[in-house]
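Spelled out from the first residue to the last, the chains are:
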Amino acid sequence: MEEVVNELTLFEEDREPVVKVENVTMKFTLNKEKVDNLKEYFIRLVKGKLEYNDFIALNKVNFEIYKGDRLAILGLNGAGKSTLLKTIVGVYKPTEGKIYKKGVIAPLLELGAGFDPNYTGRENIYLYGAILGYSREYIDSKIEGIIEFSELGHFIEVPVKNYSSGMRSRLGFSIATAVEPDILILDEVLSVGDAKFRKKSLAKVKTMFDKGVTVLFVSHSIEQVKAICNKAILLEHGSIIASGDVNDVADVYEEKTTRTKTKTQQAVVVPITDKEKKEEKKAMAEAKEAFDKIKEYEDEVVEEMAKKDDPERRYAIYLDLKKKYQTDSLTKDEFKAEVRQLLDADLNAEDSPYADEHISKFEARLQRVGKTEEKES
């Protein structure tokens, strides 16, 4: 069940968690094989060879954070740390579970991701501020401080496309920290810029800690984690395997990162043979021929359908039949027989076997057929 609740009424005011993650699972659908272009996608679609896997990035994650807590989220690359932060912020909706949040959140995830490269730094301050939810009046009151903190000087009037990645990140950090949030979310952003700016960034964040800001912090630097946080959780393959005091969890994390591997695996590259190359080329040619044939057949069906009553409903039903054919639920002859029956049927008859569907895709498809005819003529 997907649900995000912004207000909590479940606890007493003094012990009310500002963030509560409850049985959160996040799944993504991944293609089994790489598909480089649209043509290859359609060929695989026609041949029924598009296969997918479910990837579980987060698996039944549970934890609570109270006002003033500073929680470190640790884990190796691919453990699910950034996915968890993006789910809490609202970039992703959880596949299962609930997230309760209370207060103003300042997410420092991908600094500068919303910049327009053709706008100057000053113009992007207003743009990025709007994305973060700040009013123009608020930015007006903060802009000189933002420019000063970013240390961009006269470059603030230069288009961002001429900035280095460090300059963009510094500007993004300066804008994001101009707000006074209740919850601060940091994803590897204290490594922005040179050593001098990193020190200044850490000092800026610490002044926010002094005001009782709640923090969620992702970093691979154990020194930073111990300096900033009082609690921690350790993720592995999307599940929490340790939680509690930051020093205890950091010890578990360091043990995992320094543990020597008992086995060294090497990838074996087997070159493709000439015979396999010919077979692959032949298969691609056959798939293209199959795709061209069904496209030609579909064009004829669409043209005939345009002359019938209720063409949009007929086209929606045709798409269902086509899907069954592509997944081998119907043979080629059965598919064509079903389509013929659909074209001849009275959809409004009381004994009509077709569902009452209405999908507005027919006109667009008919227009594409018309454009194809114009090109051929």
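Here the residue numbers are simple positions, counted from 1 along each chain's written sequence. Residue-level local features of this predicted model are given only where pLDDT is at least 70; pairs of side-chain atoms are given and counted only at 80 or more, and the full residue set underlies all totals for whole chains, interfaces and linings. Excluding hydrogens and water, the side-chain values take into account all heavy atoms of the structure.

**Student:** Tell me about the overall build of the chain, residues and numbers included.
**Tutor:** Going along the chain from the N terminus, every DSSP run of H or I of four or more residues is numbered as a helix, and every run of E of two or more is numbered as a strand. Of the regular secondary structure elements, the chain holds 12 helices and 10 strands. Throughout this description, buried means an accessible area under 20% of the type-specific maximum (1.4 Å probe, protein chains only), exposed means over 50%, and partly exposed covers the range between. Relative to its full complement of 377 residues, the chain shows a buried share of 38%. Any two residues whose heavy atoms approach within 4.5 Å are treated as being in contact. Considering only residue pairs separated by 6 or more positions, the chain has 71% of its internal contacts joining residues 24 or more positions apart. Surface exposure of the chain reaches about 22400 Å², of which carbon and sulfur atoms provide 49%. The protein chains shown are the only cover counted for residues, whose accessible areas, like all others here, come from Shrake-Rupley with a 1.4 Å probe.

**Student:** Any details on the pattern of salt bridges? Residues and values, ideally.
**Tutor:** Salt bridge, as used here: a side-chain nitrogen of Lys or Arg that lies within 4 Å of a carboxyl oxygen of Asp or Glu. Scanning the model with the defined rule gives 10 salt bridges in all. Here lysine 231 and aspartate 69 are joined by a salt bridge, their closest N and O atoms 3.0 Å apart. Within this pair, whereas lysine 231 is found in strand S9 (residues 231-236), its partner aspartate 69 is found in the loop between strand S3 (52-66) and strand S4 (70-74), the two being separated by 162 residues in sequence. Among the residues examined, aspartate 69 registers a relative accessible area of 9% and is labelled buried. Notably, a salt bridge pairs glutamate 157 with arginine 122, separated by 2.9 Å at the nearest N-O pair. Here glutamate 157 is found in the loop between helix H4 (136-150) and helix H5 (165-176), whereas its partner arginine 122 is found in helix H3 (residues 121-131), with 35 residues between them in sequence. Under the relative-accessibility criterion, arginine 122 is labelled partly exposed at 28%.

**Student:** Please set out the sheet that holds strand S10 (residues 239-245) residue by residue, giving values where relevant.
**Tutor:** In spatial order, the strands read S6-S7-S8-S4-S9-S10; together these 6 strands make up an open sheet with mixed pairing. Taken across any chain shown, the strands that pair with only one partner, and hence form the sheet edges, are strand S6 (105-108) and S10. Within the sheet, the average angular offset between the axes of one strand and its neighbour, ignoring direction, is 15 degrees. Taken together, the 5 bridges between strand S7 (residues 183-187) and strand S8 (residues 214-218) define a ladder with parallel strand orientation. From the neighbouring strand, isoleucine 185 faces S8, where its bridge partner is leucine 216. The strands touched by helix H6 (residues 195-209) within the sheet are S4, S7 and S8, with S7 carrying the most contacts at an inclination of about 155 degrees. Strands are labelled as partners when DSSP assigns at least two bridges between them. Only C-alpha atoms enter the line fits that serve as axes; for helices the fit covers just the stretch in contact. Angles between N-to-C directions range over 0 to 180 degrees.

**Student:** Explain a negative patch on the surface to me, and be specific about the residues and the numbers.
**Tutor:** Patch criteria: residues need more than 30% relative accessible area and no salt bridge. Like-charged residues are merged within 9 Å; nonpolar side chains of Val, Leu, Ile, Met, Phe, Trp and Tyr are merged within 5 Å. When charges are counted, neither His nor the chain ends are considered; positive counts come from Lys and Arg and negative counts from Asp and Glu. To locate a charge, take NZ of a lysine, CZ of an arginine, CG of an aspartate or CD of a glutamate. A grouping of Glu223, Asp245, Asp248, Asp251 and Glu254 is seen on the molecular surface, where their side chains present a negatively charged patch. Sorting elements by how many residues they give to the negative patch places helix H8 (residues 246-258) first, with 3 residues. By secondary structure assignment, the location of aspartate 245 is in strand S10. By relative accessible area, aspartate 245 is classed as partly exposed at 37%.

**Student:** Describe in detail the side chain of serine 219, supporting the description with residues and values.
**Tutor:** When you line up the elements, serine 219 lands in the loop between S8 and helix H7 (222-228). Within 3.5 Å is the distance limit for a polar contact, defined as a pair of N or O atoms, with the added protein rule that one can donate a hydrogen and the other accept it, and that residues adjacent in sequence qualify only through two side-chain atoms. Polar contacts involving the side chain of serine 219 include one to the main-chain amide nitrogen of serine 221, which spans 3.0 Å. Contact partners of serine 219, with chain neighbours within four places excluded, come to Ile73, Leu74, Glu188, Gln224 and Val225.

**Student:** How would you summarise unusual backbone geometry if you had to cite specific residues and measurements?
**Tutor:** What is expected of a backbone is that most residues other than glycine have negative phi and most peptide bonds are trans. Residue asparagine 23 is not a glycine yet carries a positive backbone phi of 50 degrees. One non-glycine residue, histidine 237, lies in positive phi territory at about 50 degrees. Looking at where histidine 237 falls in the secondary structure, it is placed in the loop between S9 and S10. By relative accessible area, histidine 237 is classed as exposed at 67%.

**Student:** Any details on the pairing of S7? Residues and values, ideally.
**Tutor:** Burial analysis of S7 places 5 of its 5 residues in the buried class, which makes it a mostly covered element. Bridging between S6 and S7 involves 4 bridges; their strand directions are parallel. Looking across to S7, one finds that isoleucine 105 is bridged to isoleucine 183.

**Student:** Lay out the packing of aromatic side chains in plain terms, naming residues and giving numbers.
**Tutor:** How two aromatic rings sit relative to each other is given by the distance of their centres and the angle of their planes. To pair, rings of Phe, Tyr and Trp, with the six-membered ring standing in for Trp, must have centres within 6.5 Å; the planes then decide the type, stacked if under 30 degrees apart, edge-to-face if over 60, and tilted in the middle. Using the criterion set out here, one finds 5 aromatic pairs in the structure. Ring pairs connect the aromatic residues Tyr297, Tyr315, Tyr318 and Phe335, which therefore count as one cluster. In this analysis the charged atom, NZ for Lys or CZ for Arg, is taken to sit over a ring once it is within 6 Å of the ring centre and within 35 degrees of the ring normal. The positively charged end of lysine 204 is found above the aromatic ring belonging to phenylalanine 149, 5.8 Å away from the centroid. The ring centre of tyrosine 297 lies 5.0 Å from the NZ or CZ of lysine 336, which sits over that ring.

**Student:** Go over the packing of H5 against H6 with me, naming the residues and quoting the values.
**Tutor:** Running from N to C, H5 and H6 point in directions that differ by 15 degrees, and their axes come no closer than 12 Å. Considered as vectors, H5 and H6 are oriented roughly parallel to each other. Like other packed secondary-structure pairs, H5 and H6 cross with a definite hand, here left-handed. Two secondary-structure elements touch here, H5 through Arg170, Phe173 and Ser174 and H6 through Phe197, Ser201, Lys204 and Val205. An angle below 35 degrees is treated as roughly parallel, one above 145 as roughly antiparallel, one from 65 to 115 as roughly perpendicular, and anything else as oblique. Note on convention: the crossing is left-handed when the near helix lies turned anticlockwise from the far helix by less than a right angle, right-handed when the turn is clockwise.

**Student:** Kindly report on the nonpolar core, identifying the contributing residues and their values.
**Tutor:** Joining through side-chain atoms within 4.5 Å is the link that ties buried Ala, Val, Leu, Ile, Met, Phe, Trp, Tyr and Cys residues into a set, and such a set is a nonpolar core. Formed by 44 residues in total, the largest nonpolar core has its most connected members in Ile125, Leu171, Ile175 and Leu184. Apart from residues lying up to four places away in sequence, leucine 171 is in contact with Phe115, Gly121, Ile125, Ile146, Ser150, Leu152, Ile156 and Tyr163. Counting 22 residues, the second largest nonpolar core, distinct from the first, contains Val19, Val21, Val24 and Ile233.

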